[in-house]
Amino acid sequence: MSTSLLGTPPPWPLGLVTAVLAGVLLWSVTARLRLRPESRAASTAVYACCALLTELTTPDGVDGRATLLLSAGGMFAVAGTRRSLLAALACAAAVALAPVVGVGVLVLLGAMALRKDLLIRLPAPLRRIAGVAAFAAAAALAVLLARPQDGPAVPLGVLVLLGACVLLIGGVSWVRLPWLRPPVAAVVALAACQFVPGPDLDAVLPAAAGLAVLAAVLTEEHHVLLARPVLVGAVMVGVVATALLVPAVPLPAATPPHHVAEVVPAAAPEPPRVTAVSIAIPRMELSGSLDVLGVADDGELLAPDDPARAGWYAGGVVPGDVGPAIVGGHVDSRRGPGVFFALRSLRPDDVVEITRSDGRVARFSVTSVAQVAKEQFPTAAVYGPTPRPELRLITCGGRFDRGARSYTDNVVVEAVAT
Amino acid sequence: MPARHLARPAAPRRRAAAAGTGVVALLLLVVGLALAPTPPATAADATSMLRLGQLNPDQGNLELTVSSVADPKNTVLIAALGYGELSGYQAVEEGDYVVATRPAGSSEPPMVAKTISVRPGTTSTVATVGGAAEGGITSFTDDLTAPDPTKARLRVINAAPPAAQLDVRGPAGEQVAVGLALGAAGSYTTLPPGESRLSVGPPGAPAVEVPVTLKANEVSSVVLTSGGGAVQARVVVDAAGSPVVPPGPVHAGFGGAAAEAGAYRAASSAVLIVLAVSAALVSARLARSR
């Protein structure tokens, strides 16, 4: 959601409300398509399950704004040809909100062009070229949005559910219902974006909504899928099983281990001062280079940019010198555990080693591990004077406050030089 | 469960109520287990700290050792120090200790100089001094109380003969020590950090200025020594803090592995089960009613 052109994502209650409103609009869309109530109930259930899974398993929750706009576009589209301009406007607004939705829209336009549903006055070769160009643009947009350092955009369970639905619906409809191909292609493209690392959660709900409507349409056409209680039951069991299988802690993003030897900078002539270069905590099987941490405009200590790396507060004490050296790291990213995820599992006498730029290795022994409320952060104990070289490792802990997008507590590990 | 009601409306209410209570209890148990916090591990903080100093201008480099009275072979602290030097702090257990000295590099057995008693949670400096102290050794109690983080806190240790007493003033005329006897430590005072000059001189006599560098959020001992007929100041760090203290906590998490994921999962699973089963039943009823 961070790629939105219109700024930061909405607070999660607003995201949830828009997702629910999008569901209501989808119900109206299926009504305008003159689908039967049982198909509409089933399609809304599929959509609601996807929305709930996303809401409950991601830190930011769902963002239904783009889906709401796309559903509105769908309403206009099924209402009649005169409204196609409104539908296009709604789709454009959705793309502005969530660029990844553009992948699905471009694929839809390309597929429609190839099927003679679009640009009907153009000669066939030109129309085909336009269609292929739309596909290429969709692929380019997907590549542009990919952030390979991040893991998959959504939890494994939602991916499995979406993938299975896509295969089922796409596979059944492709041969028997040629007119359904463009929307199927668009939804497949959108759902595939979940497998590309990076482009956030924006595509989950649009894909789920599209799948839900397609499923309902398919039910009307075939009378074999979803309309039968046994089949509906089977799908629902699958949904529940997926929900139970969703990992509580998503798998960590695959990040290359940081090797100490490679990142030690060549000895600069007369370095201004000694810095901390790398950290090793055998108990946590952690070994990596250290970023340099600074402070924000209001003076607060900033955490590292990269959740997979820890950082040393350069405005403080050099590890190994008398005083408390500060090292901070993220407990998690948006996708999974961060570099200091296991920090709270440290116990007294565990060893922490910091390599300095002068080649010295400062060795520390943990004396305490404490979880403290952020409102009562022990500034004096963390930054105050100590008679020996000491070390403070800081990360987040406690409950994640979704409204504030922040944890309620800090985990502070104190260690002294040995 | 509602699904059960829908499926068998004729089922006895008591059974349904019992089942409902059981399900609610189970849910509460799951949620409770998921939310149960793990107690943080902490260590008791009654460590005693000890360091050594060589402040006797009549001795050269000395090796000082501190050994347990109960177990003389147990040497807890050993330091080779020149005149005016202090060692780093070492954590020691409470108890009685023997302080012994010998010239650095010599092989003769250390000469017992003084017996000291270390009480829990104290910080002290044991140093050789000139003058009339027992065995030529004295013990200072160090106060490592943190200063205002933007200030430097210091005291003066007078090891600079020949004057019997010294007055020390800060750059703006602040009284740092008045009539400080040779071999004694003054009380702590607070000065602004940075490059600074202390005025040092016997009471009533003209003072000389000695340069010192003080750091913010740091407690230090300024050791005055004499050499070449002049007074020199050596700033020894007693305790150092972060020179710049960021206010408030650290925000180091995005919630992707939030602790309540377990509780959310339990709740979401329950909601999804209810939703899915009711949707299936409604769908089936509607289909049948046609």
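Residues numbered from 1 in each chain as written. Chains lettered and ligands numbered in written order. Predicted model: local features only at pLDDT ≥ 70, side-chain atom pairs only at ≥ 80, totals over all residues.

Some details on the overall build of chain B
Regarding its fold elements, chain B presents three helices and 17 strands. In chain B, the proportion of contacts linking residues at least 24 apart, taken out of those at least 6 apart, comes to 58%. (Helix = DSSP H or I, 4+ residues; strand = E, 2+ residues; numbered from the N terminus. Contact = placed C-beta atoms within 7 Å.)

Quick notes on the overall build of chain A
Of regular secondary structure, chain A possesses 12 helices and eight strands. Evaluated residue by residue, chain A yields a buried proportion of 51% over its 418 residues. (Buried ≥ 20, exposed ≤ 12 C-beta atoms within 10 Å, placed from the backbone.)

Some remarks on the pairing of strand 8 (residues 406-417) of chain A
Every other side chain in a regular strand lies on the same face of the sheet, so the side chains alternate between the two faces. All names here are of chain A. Taken together, the nine bridges between strand 6 (residues 361-373) and strand 8 define a ladder with antiparallel strand orientation. The partner of Ser368 across the bridge, within strand 8, is Glu414. Inspection of the sheet shows strand 7 (residues 389-401) paired to strand 8 by 10 bridges, in the antiparallel sense. Across the sheet, residue Asp401 finds its bridge partner in strand 8, namely Ser406. (Pairing = 2+ DSSP bridges.)

Examining the sheet that holds strand 12 (residues 175-181) of chain B
Residue and element names in this part refer to chain B. Across the sheet, four strands lie side by side as 12-11-14-15; this open sheet has antiparallel pairing. Looking at which strands have only one partner, the edges of the open sheet turn out to be strand 12 and strand 15 (208-214). Pairs of neighbouring strands in the sheet enclose a mean axial angle of 25°, with direction left out of account. Across seven bridges, the pairing between strand 14 (residues 194-201) and strand 15 is antiparallel. If you follow Ser196 over to strand 15, its bridge partner there is Val212. (Axes fitted to C-alpha atoms, helices over the stretch in contact; angles between N-to-C directions.)

Looking at the packing of helix 3 (residues 65-79) of chain A against helix 4 (residues 84-97) of chain A
All names here are of chain A. Direction vectors running N to C along helix 3 and helix 4 enclose 170°, while the axes themselves pass 8 Å from each other. One element, helix 3, and the other, helix 4, form an angle in the roughly antiparallel class. Remark: the crossing between helix 3 and helix 4 carries left-handed chirality. Mapping the contact onto sequence places Arg65, Ala66, Leu69, Leu70, Ala72, Gly73, Phe76 and Ala77 in helix 3 and Ser84, Leu86, Ala87, Ala90, Cys91, Ala93, Ala94 and Leu97 in helix 4. For the contact of helix 3 with helix 4, the residue count by class is 13 nonpolar, two polar and one charged. (Parallel < 35°, antiparallel > 145°, perpendicular 65-115°, else oblique. Left-handed = near helix turned anticlockwise from the far one by under 90°. Nonpolar A, V, L, I, M, F, W, Y, C, P; charged D, E, K, R; others polar.)

Notes on the environment of Thr128 of chain B
All names here are of chain B. By secondary structure assignment, the location of Thr128 is in strand 8 (residues 123-129). Sequence separation between Thr128 and Gly53 is 75 residues, and the spatial gap between their C-alpha atoms is 6.3 Å. If we skip the residues at most four places from it in the chain, Thr128 touches Gln54, Leu55, Asn56, Gln59, Leu62, Thr101, Gly136 and Ile137.

Regarding the pairing of strand 6 of chain A
Residue and element names in this part refer to chain A. Two elements, strand 5 (residues 351-356) and strand 6, share five bridges in a ladder whose sense is antiparallel. Across the sheet, Glu353 pairs through a bridge with Arg363, a residue of strand 6. Counted between consecutive antiparallel strands, the loop separating strand 5 from strand 6 contains four residues, among which Gly359 sits at a positive phi close to 90°.

Describing the confidence of the model for chain A
Residues and elements named next belong to chain A. Of the residues in chain A, 72% reach a pLDDT of 70 or more, and the chain-wide mean stands at 76. When the criterion is pLDDT under 50, residues 1-7 qualifies, and its contacts beyond four places in sequence or with other chains add up to 18 contacts. In the predicted structure, residues 247-272 sits below a pLDDT of 50 and forms 37 contacts with residues beyond four places in sequence or in another chain. (pLDDT = per-residue confidence, 0-100.)

Section: helix 3 of chain A
The end-to-end C-alpha distance of helix 3 of chain A is 21 Å, a good match for the 21 Å that 15 residues give at a rise of 1.5 Å each. Burial within helix 3 of chain A is extensive, with 11 of its 15 residues counted as buried. (Expected span 1.5 Å × (residues − 1).)

Things to note about the nonpolar core
Residue and element names in this part refer to chain A. Counting 69 residues, the largest nonpolar core has Ala94, Val103, Ala208 and Ala212 as the members making the most contacts within it. If you list the elements that add at least two residues to this core, you get helix 1 (12-32), helix 2 (37-57), helix 3, helix 4, helix 5 (101-114), helix 6 (124-145), helix 8 (181-192) and helix 9 (204-222). For this core, the leading source of residues is helix 9, giving 13 residues. If you look at the next biggest cluster of nonpolar residues, it comprises 48 residues, including Ile281, Val339, Val352 and Ile394. (Core = buried A, V, L, I, M, F, W, Y, C linked by C-beta atoms within 7 Å.)

Focus: the sheet that holds strand 8 of chain A
Taken together, eight strands build a closed barrel; the order of strands is 1-2-3-4-7-8-6-5 (chain A) and the barrel is mixed. On average, adjacent strands in this sheet sit at an angle of 35° to one another, irrespective of strand direction.

What to know about the packing of helix 5 of chain A against helix 6 of chain A
Residues and elements named next belong to chain A. At their nearest, the axes of helix 5 and helix 6 sit 8 Å apart, and the two run at 165° to each other. Here helix 6 runs roughly antiparallel to helix 5, going by the angle between their axes. Our pair here, helix 5 against helix 6, has a crossing hand that is left-handed. Contacts between helix 5 and helix 6 pair Gly102, Val103, Leu106, Val107, Leu109, Gly110, Ala113 and Leu114 from the former with Arg127, Arg128, Ala130, Gly131, Ala134, Phe135, Ala137, Ala138, Leu141 and Ala142 from the latter. For the contact of helix 5 with helix 6, the per-class residue count stands at 13 nonpolar, three polar and two charged.

Things to note about helix 5 of chain A
All names here are of chain A. Between its terminal C-alpha atoms helix 5 stretches 20 Å, which fits the 20 Å expected from 14 residues at 1.5 Å a residue. Counting buried residues in helix 5 gives 14 out of 14 residues, a clear majority hidden from the surface. Downstream of helix 5 by a residue or two, Lys116 has a phi angle that is positive, lying close to 65°.

Thoughts on the environment of Val331 of chain A
Residues and elements named next belong to chain A. Among the structural elements, Val331 can be located in the loop between strand 4 (323-328) and strand 5. Under the C-beta neighbour-count criterion, Val331 is labelled buried, with 31 such atoms within 10 Å. Taking the C-alpha atoms as reference points, Val331 and Arg344, 13 residues apart in sequence, are found 9.5 Å from one another.

Brief notes about the environment of Thr67 of chain A
Within the secondary structure layout, Thr67 of chain A lies in helix 3. With sequence-adjacent residues up to four places away left out, Thr67 of chain A is seen in contact with Ala19, Ala22, Leu205, Pro206 and Ala209 of chain A.

Observations concerning unusual backbone geometry
Excluding glycine, a negative phi dihedral is what most residues carry, and trans is how most peptide bonds are arranged. In this structure, the amide linkage connecting Pro161 of chain B to the following residue, Pro162 of chain B, adopts the cis form with an omega of 15°. When you line up the elements, Pro162 of chain B lands in the loop between strand 10 (152-159) and strand 11 (165-169). Positive phi, normally seen in glycine, also occurs at Arg34 of chain A, with a value near 60°. Locating Arg34 of chain A in the fold gives a position in the loop between helix 1 and helix 2. Its identity is not glycine, yet Asn217 of chain B carries a phi of approximately 60°, on the positive side. If you trace the backbone, Asn217 of chain B turns up in the loop between strand 15 and strand 16 (218-227). The class of Asn217 of chain B is buried, set by 27 C-beta atoms lying within 10 Å.

Looking at the confidence of the model for chain B
All names here are of chain B. In the predicted model, chain B carries a mean pLDDT of 78, and 71% of its residues have values of at least 70. Note that pLDDT drops below 50 for residues 1-11; the model gives that stretch 16 contacts with residues more than four away or on any other chain. Low pLDDT, under 50, characterises residues 28-44; the predicted model gives this stretch 21 contacts beyond four residues in sequence or across chains.

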